[in-house]
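# Coordinate analysis (summary)
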Amino acid sequence: MFIFRMLECTYQCCFIAGLIAEISPGMHYDPLMRLLLVEDEIDIQRFLRTSLEEAGYQVEAAGDGKTAERLAVDGQFDILIVDLGLPDQDGISLILKLRQLGLRAPVLILSARRSVDDRVRGLEQGGDDYLTKPFALAELLARLRNLLKRNSPSVIEATRLQVLDLELDLLRREATRSGELLQLTTQEFVLLEYLCRNAGRVVTRSMILDKVWGMRIQPDTNVVDVHIYRLRGKVDGHGQKPLIRTLRGVGYVLKDR
Ligand code: CA
């Protein structure tokens, strides 16, 4: 058993080291797509999360089926990566359940199960593509891009966001209000994109800190308030109908009507 664990560990380390060697500074960056990663091997999950974030994806990760279900229902994901061997349920059952709940985003199955039967079953039961472990990171990224391209309505939707007269071009990273270009910093653009994706819904300071700044625990900081203040000056500052509303003690909402 001990020897088996050792071998397994060595295999995983080689696998991860192999992946690390493939990251290059010139890697293609996808537009900010929301991706749900369902993987219970913590080292692989951590590594994939970092790599996918470096490739421009906004990643949520789950280590079991229950958490994945909750995240998939709450968040609007453009694409999912699902491992088949999960601790509480089979990945195929999870995909079937998510499809029944109305999930339309493409699903890439990532699994150590290599048999033709397993691959056919995965593709027939809700998976859109199947990649076996170990895999090359460049191939995973290429397959994700292909799936997103195939699912073109979601790409069109995800590369342009519009809330009333506010428009965001996610490829050019430009925002306009009534056709006028807004001079935003990178961080302000990411913050505005997050508000647009949640238009009409209240987002709290800690949600913003988590999603925009990647801080899990809310530190004693006013970084959100400062950025909202500046952003409001640019978005709402020209006598137009105010879009960014503060709900004192709760958070913010971008008005969508
Ligand atoms: Ca697994």
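Nothing here was measured: the structure is a model prediction, and the numbers come from that model. (Residues numbered from 1 in each chain as written. Predicted model: local features only at pLDDT ≥ 70, side-chain atom pairs only at ≥ 80, totals over all residues.)

With that settled, consider the packing of helix α8 (residues 186-197) against helix α9 (residues 205-213). It is the contact of α8 with α9, at a shortest axis distance of 10 Å, that shows an interaxial angle of 120 degrees. One finds that α8 runs oblique with respect to α9. Viewed along their axes, α8 and α9 form a crossing whose handedness is right-handed. Residues V190, L191 and Y194 of α8 form the contact with α9, whose own contacting residues are I208, K211 and V212. Of the residues assigned to the contact of α8 with α9, the class counts are five nonpolar, no polar and one charged. (Axes fitted to C-alpha atoms, helices over the stretch in contact; angles between N-to-C directions. Helix = DSSP H or I, 4+ residues; strand = E, 2+ residues; numbered from the N terminus. Parallel < 35°, antiparallel > 145°, perpendicular 65-115°, else oblique. Left-handed = near helix turned anticlockwise from the far one by under 90°. Contact = placed C-beta atoms within 7 Å. Nonpolar A, V, L, I, M, F, W, Y, C, P; charged D, E, K, R; others polar.)

A few words now on the sheet that holds strand β11 (residues 244-247). Taken together, three strands build an open sheet; the order of strands is β10-β12-β11 and the sheet is antiparallel. Of all the strands in the sheet, the pair left with one neighbour each is β10 (202-204) and β11. Adjacent strand axes in the sheet meet at a mean angle of 30 degrees, parallel and antiparallel pairs treated alike. (Pairing = 2+ DSSP bridges.)

With that settled, consider the sheet that holds strand β6 (residues 160-163). Across the sheet, four strands lie side by side as β6-β7-β8-β9; this open sheet has antiparallel pairing. Either end of the sheet is taken by a strand with one partner, and the two such strands are β6 and β9 (180-182). Each neighbouring strand pair of the sheet contributes to a mean axis angle of 25 degrees, computed without reference to strand direction. In the sheet, strand β7 (residues 166-169) pairs with strand β8 (residues 174-177) via four bridges, with the strands oriented antiparallel. Among the inter-strand pairings, D169 is bridged to a residue of β8, identified as E174. In the packing of α8 onto the sheet, the strands contacted are β6, β7 and β8, and the crossing angle to β6 comes to about 65 degrees.

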